[in-house]
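Structural overview
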Amino acid sequence: MPEPGPANPDVPHVPLLLLTGASGYVGGRLVPLLERQPVALRCLARSPDTLRPLVRESTQVVRGDVLDPPSLAEAMLGVHTAYYLVHLMSDSKDFEKEDRQAATNFADAAKKAGVLRIIYLGGLGDDTDPKLSPHLRSRHEVGDILRASGIETVEFRAGMVIGAGSLSYQLMKSLTDRLPVMICPRWLTTATQPVAVDDVLAYLLAAKDLPPGESRIFEIGCEDVTTYGGMVRKYARQKGLRRWLIFVPVLTPYLSSLWLALVTPAKFGVGRHLIEGLKNPTVIRDRKALDVFPIRTVNVKEAVARAIADTSG
Ligand SMILES: NC(=O)c1ccc[n+]([C@@H]2O[C@H](COP(=O)([O-])OP(=O)(O)OC[C@H]3O[C@@H](n4cnc5c(N)ncnc54)[C@H](OP(=O)(O)O)[C@@H]3O)[C@@H](O)[C@H]2O)c1
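In this text, all values refer to a predicted model and were calculated from it rather than measured experimentally.

Digging into the confidence of the model for the chain
For the chain, per-residue confidence averages 89 on the pLDDT scale, and 86% of positions sit at 70 or higher. Contacts for the low-pLDDT stretch residues 1-7, under 50 throughout, to residues beyond four places or in other chains number eight contacts.

This is the structure:
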């Protein structure tokens, strides 16, 4: 674990950023963007040897696990801003408990280390909806826990991230690629506002430069609203595929997840939690991100076109 050395008067002081989730899809894409900024970057990884070759030499890679508090205490030393881009993706029934524990560990360690800002990417969804899925409720609860630390927390709430390596996009892509005729559950008609990965990255990057202030929640997404069925159609059209969607009322989230397990490569448990969230509308109700950030997001068609064109996965 590198210790912060004595200050060198010849080297201008730059803030130290801690990035979690750097081996994941969103975090992995944020790494090169942060490496081009005037900051020092430290990545926390459960498998540092796997991450090391993927980052610049100047980027620190430390071993850590959000479920292991001592590892967090070390990783937080000297950190100015900490990104929480972790998704435990537990397939256990107790994923909410684990999410809660992980966020609590992270917030506690950040508080003790004197971290000044936490940036978190969570999920859209209406808190006041009594039928909000456990998955989305848990994503919101993580934000609540981070804010309760008293550290200024910038929470972004996003729907499906459209990008080649994003699990939720891959689920939609696999279904559409494989099934010419889809027996569709009702949730394919749920309103949703996905977001292009490039736009998510622009927000995550800009958040570190916000002037200090209160904790805030920003809802982000494409400029237009669609449905999951609409996304299937947009994707199919751009790939030149002819697809028929037949809607049935009886496919429960449980049956849907079994169906997904048959036709997609995603793990059953993960698919199930994601599917449960798909029955809830995920649209932007608060548009203040447009006032605070000079970022104008692309529409769904363009987001899908970029994901199709991206062969890096
Ligand atoms: N993708 C989407 O459509 C979407 C939509 C809305 C919000 N988000 C949010 O965006 C964030 C990142 O999503 P993503 O799609 O990039 O997820 P991802 O590709 O599944 O990456 C998850 C990351 O979490 C790390 N992680 C898991 N368990 C950990 C633990 N115990 N300790 C430390 N790190 C751990 C993983 O590291 P390992 O390599 O060690 O497993 C991985 O780097 C998540 O908070 C997610 O909820 C994503």
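Some points on the site of the ligand
If you check the shell around the ligand, you find 21 residues, and the closest are Ser-23, Val-26, Arg-46, Arg-139 and Ser-168. With respect to the ligand, the backbone of Val-26 contributes an N or O atom lying 2.8 Å from an oxygen atom. His-87 places a main-chain nitrogen or oxygen 3.2 Å from an oxygen atom of the ligand. Relative to its free-state accessible area of 900 Å², the ligand is covered by the protein chains to the extent of 84%. Counting residues per element, the ones that place at least two in the shell around the ligand are α1 (25-35) and β5 (117-123). Among the residues making up the shell around the ligand, the classes are represented as 10 nonpolar, eight polar and three charged.

Quick look at the environment of Asp-65
Tracing the backbone through its elements, the reader meets Asp-65 in the loop between β3 (60-63) and α3 (69-75). On a C-alpha basis, the gap between Asp-65 and Ala-102 in space is 8.6 Å, while along the polypeptide they are 37 residues apart. Beyond its immediate sequence surroundings of up to four residues, Asp-65 is in contact with Leu-44, Arg-46, Ser-71 and Leu-72.

Cut-offs used in this document
Residues numbered from 1 in each chain as written. Predicted model: local features only at pLDDT ≥ 70, side-chain atom pairs only at ≥ 80, totals over all residues. Heavy atoms only, no water. pLDDT = per-residue confidence, 0-100. Contact = heavy atoms within 4.5 Å. Near = heavy atom within 4 Å. Polar contact = N/O pair within 3.5 Å; in protein donor to acceptor, adjacent residues only side chain to side chain. Areas by Shrake-Rupley, 256 points an atom, 1.4 Å probe, with all protein chains shown as cover. Helix = DSSP H or I, 4+ residues; strand = E, 2+ residues; numbered from the N terminus. Nonpolar A, V, L, I, M, F, W, Y, C, P; charged D, E, K, R; others polar.

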